[in-house]
Amino acid sequence: MKTKRDFPSLKNDLILRAVKGEEVERIPVWVMRQAGRYLPEYLEVRKQNDFFKICRTPELACKVTLQPIDRFAGLLDASIIFCDILVIPQAMGLEVQMVEGKGPHFPHPIRVVEDLKRLKDTVDVDKELSYVYEAITLTRIKLDGRCPLFGFVGAPWTLFAYMIEGGGSKTLSKAKTWLYTYPKESHRLLQKTTDVIVDFILGQIRAGAQMIQVFDSWGGELTPKMFRTFSVPYLTQIASRVKAAMVEEGLQVPLFIFAKGAHASLDILSSIGYDVVSLDCTIDPKQARIDTKWRVTLQGNADPNLLYAPADVIKKEVREMLNAFGANNYIANLGHGMMPGHSPDALKVFLEAIRDHSSSMGNKRKFEESK
Ligand SMILES: Cc1c2[nH]c(c1CCC(=O)O)Cc1[nH]c(c(CCC(=O)O)c1C)Cc1[nH]c(c(CCC(=O)O)c1C)Cc1[nH]c(c(C)c1CCC(=O)O)C2
């Protein structure tokens, strides 16, 4: 195990304070996929490099991670390490390519039970994914305390679905067929993936990640019962194992869960050990507060398509979103990632609107009491 390092001290800890429910002078904000194809400076790097080459080269991953932090100086309250959720299936032995205009593609996905044998028996996570740790450590140094750094992972169910579908899918029929037909083998694969995820999260934390987000991007594709059977137990296990290890090592890093579309399970998601529940844009903020009972900090949830609207509409929607969530226990974000067609200027309008409106909101405790 690596020893704890001395990194530059944090000059902006708004998001960490919001997670703890402390009062903040303004609402913190970051956006998913804040480094990506909507940024001309990212496309420039991407022209010369394959997607996974950027992930695997710490200097390039660090450079791209810092692009939005430099461009939107003072407006973003968190950075997120440039990587992908699919580095875990790669570490487990599956090939993954990023196909231009199509997204991720597994040339040899898991199709039949026999295919499970193609996965490695044991995965040396710290060796296979050391490039992510190096990128995190380098980025912590280069950030120079401007804002905290997220590490992240894909959730077991979402990674399971990718490994079986072999890429994106509208129906997830293949992955769901597995759950119905081979529940025992499905649980075995979910457990194996969970073990890798736990090691990978801890490795990222030891390397310098100050927050961790777990992406269950396909959580909402399951029936609530199947989500409780095939996702929640593993998400719970991840939080409890990571937290137990952190206690042992004297580390304290908040855990965020983003289970896109899993509205029916917000109550559960707010009671399985995560500090923050991240919301997509199809849930009403006040309903989310009711469902999660102020047990967690909420993050989200503007429609990414709002960034295609005129500036005055963006500002109005931001004001309404912030008022609905309230100033406390809240981190502003989009309900999903930045899209390639977005303009960086529209994101700037969104970020400035959050800064301006939240600075004028005052530190009212919880929105019900502020009325
Ligand atoms: C499902 C998922 C993936 N990857 C990720 C998720 C969970 C979040 C979500 O639900 O969107 C997570 C992810 N992927 C990427 C990040 C980087 C950090 C960030 O800035 O947020 C993060 C956090 C970079 C990326 N990951 C990807 C890109 C674009 C690839 C490119 O440069 O060609 C980036 C910047 C590719 C990717 N990677 C994945 C898909 C489906 C795609 C294609 C997306 C598309 O075409 O819009 C898998």
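The coordinates are above.
Quick look at the structure, then. Remember, it's a predicted structure, so these values are computed and weren't measured experimentally.

1. Focus: the overall build of the protein chain
Here is step 1 of the chain: Per the secondary structure count, the protein chain includes 16 helices and nine strands.
Here is step 2 of the chain: In terms of overall dimensions, the protein chain is globule-like: its C-alpha atoms have a radius of gyration of 20 Å, near the 21 Å expected for 371 residues.
Here is step 3 of the chain: Oriented by its inertia axes, the alpha-carbon framework of the protein chain measures out at about 60 × 45 × 45 Å.
Here is step 4 of the chain: Across the 371 residues of the protein chain, 58% fall into the buried class.
Here is step 5 of the chain: A sequence separation of at least 24 residues applies to 76% of the contacts in the protein chain between residues at least 6 apart.
Here is step 6 of the chain: Within the structure as shown, the protein chain displays about 15400 Å² of accessible surface, and the carbon and sulfur contribution to it stands at 51%.
Here is step 7 of the chain: With 49 positive and 44 negative side-chain charges, the protein chain shows a separation of 1 Å between the mean positions of the two kinds.

2. Looking at the pairing of strand β5 (residues 211-216)
Here is step 1 of the chain: Across the six residues that make up β5, a large majority, six, are buried.
Here is step 2 of the chain: Every second residue of β5 is oriented toward a common face, with Met211, Gln213 and Phe215 on one face and Ile212, Val214 and Asp216 on the other, all of them buried.
Here is step 3 of the chain: Relative to β5, strand β4 (residues 149-154) is paired through five bridges, and the arrangement is parallel. Residue pairing across strands places Phe152 opposite Gln213, the latter belonging to β5.
Here is step 4 of the chain: Both β5 and strand β6 (residues 255-259) contribute to a ladder of five bridges, which runs parallel. Bridge pairing in β6 links Gln213 to Phe256.

3. Remarks on the environment of Ser358
Here is step 1 of the chain: Among the secondary structure elements, Ser358 is positioned in helix α16 (residues 344-359).
Here is step 2 of the chain: Overall, the relative accessible area of 4% leaves Ser358 in the buried class.
Here is step 3 of the chain: Each residue touching Ser358, except ones within four places of it in the same chain, is listed here: Glu25, Arg26, Ile27, Leu322 and Ala353.
Here is step 4 of the chain: A polar contact of 2.7 Å, which involves the side chain of Ser358, links it to the backbone oxygen of Ile354.

4. As for the packing of aromatic side chains
Here is step 1 of the chain: The tally for this structure, following the rule as stated, stands at 13 aromatic pairs.
Here is step 2 of the chain: For the ring pair Phe215 and Phe258, a centre distance of 6.2 Å and an interplane angle of 90 degrees mean the geometry is edge-to-face. One end of the pair, Phe215, is in strand β5; the other, Phe258, is in strand β6, with 43 residues separating them in the sequence.
Here is step 3 of the chain: Judged by its relative accessible area of 12%, Phe215 falls in the buried class.
Here is step 4 of the chain: For Phe258, a relative accessible area of 0% translates into the label buried.
Here is step 5 of the chain: Judged by centre distance (4.3 Å) and plane angle (10 degrees), the rings of Phe325 and Tyr330 are stacked. Neither residue differs from the other here; Phe325 and Tyr330 are each classed as buried.
Here is step 6 of the chain: Each residue in the set Tyr42, Phe51, Phe52 and Phe82 is aromatic and connected to the rest through ring pairs, giving one cluster.

5. Thoughts on the side chain of Thr139
Here is step 1 of the chain: Within the secondary structure, Thr139 sits in helix α7 (residues 130-143).
Here is step 2 of the chain: On the basis of relative accessibility, which here comes to 0%, the residue Thr139 falls in the buried class.
Here is step 3 of the chain: Polar side-chain contacts of Thr139 include one of 2.6 Å to the backbone oxygen of Ala135.

6. Observations regarding the site of the ligand
Here is step 1 of the chain: Among the 23 residues in the neighbourhood of the ligand, the closest are listed as Arg33, Arg37, Tyr42, Asp84 and Ser217.
Here is step 2 of the chain: At a separation of 2.5 Å, an oxygen atom of the ligand approaches a polar side-chain atom of Tyr42.
Here is step 3 of the chain: The contact in question runs from an oxygen atom of the ligand to an N or O atom on the side chain of Ser217, over 2.5 Å.
Here is step 4 of the chain: At the level of secondary structure, the elements contributing two or more residues to the shell around the ligand comprise α2 (40-48) and β3 (103-105).
Here is step 5 of the chain: Considering only residue class, the shell around the ligand consists of 14 nonpolar, five polar and four charged.

7. Focus: helix α9 (residues 173-181)
Here is step 1 of the chain: Ala175, Trp178 and Leu179 are the residues of α9 that are buried. Along α9, the residues classed as buried sweep out an arc of 95 degrees about the axis, all on the same side.

So, how was this worked out
- Residues numbered from 1 in each chain as written.
- Predicted model: local features only at pLDDT ≥ 70, side-chain atom pairs only at ≥ 80, totals over all residues.
- Heavy atoms only, no water.
- Helix = DSSP H or I, 4+ residues; strand = E, 2+ residues; numbered from the N terminus.
- Rg over C-alpha atoms; globule rule 2.2 N^0.38 Å.
- Buried < 20%, exposed > 50% of the residue type's maximum accessible area, 1.4 Å probe, protein only.
- Contact = heavy atoms within 4.5 Å.
- Areas by Shrake-Rupley, 256 points an atom, 1.4 Å probe, with all protein chains shown as cover.
- Lys, Arg positive; Asp, Glu negative; His and termini not counted.
- Charge placed at Lys NZ, Arg CZ, Asp CG, Glu CD.
- Pairing = 2+ DSSP bridges.
- Polar contact = N/O pair within 3.5 Å; in protein donor to acceptor, adjacent residues only side chain to side chain.
- Phe/Tyr/Trp six-rings, centres within 6.5 Å; stacked < 30°, edge-to-face > 60°.
- Near = heavy atom within 4 Å.
- Nonpolar A, V, L, I, M, F, W, Y, C, P; charged D, E, K, R; others polar.
- Arc of directions from axis to C-beta.

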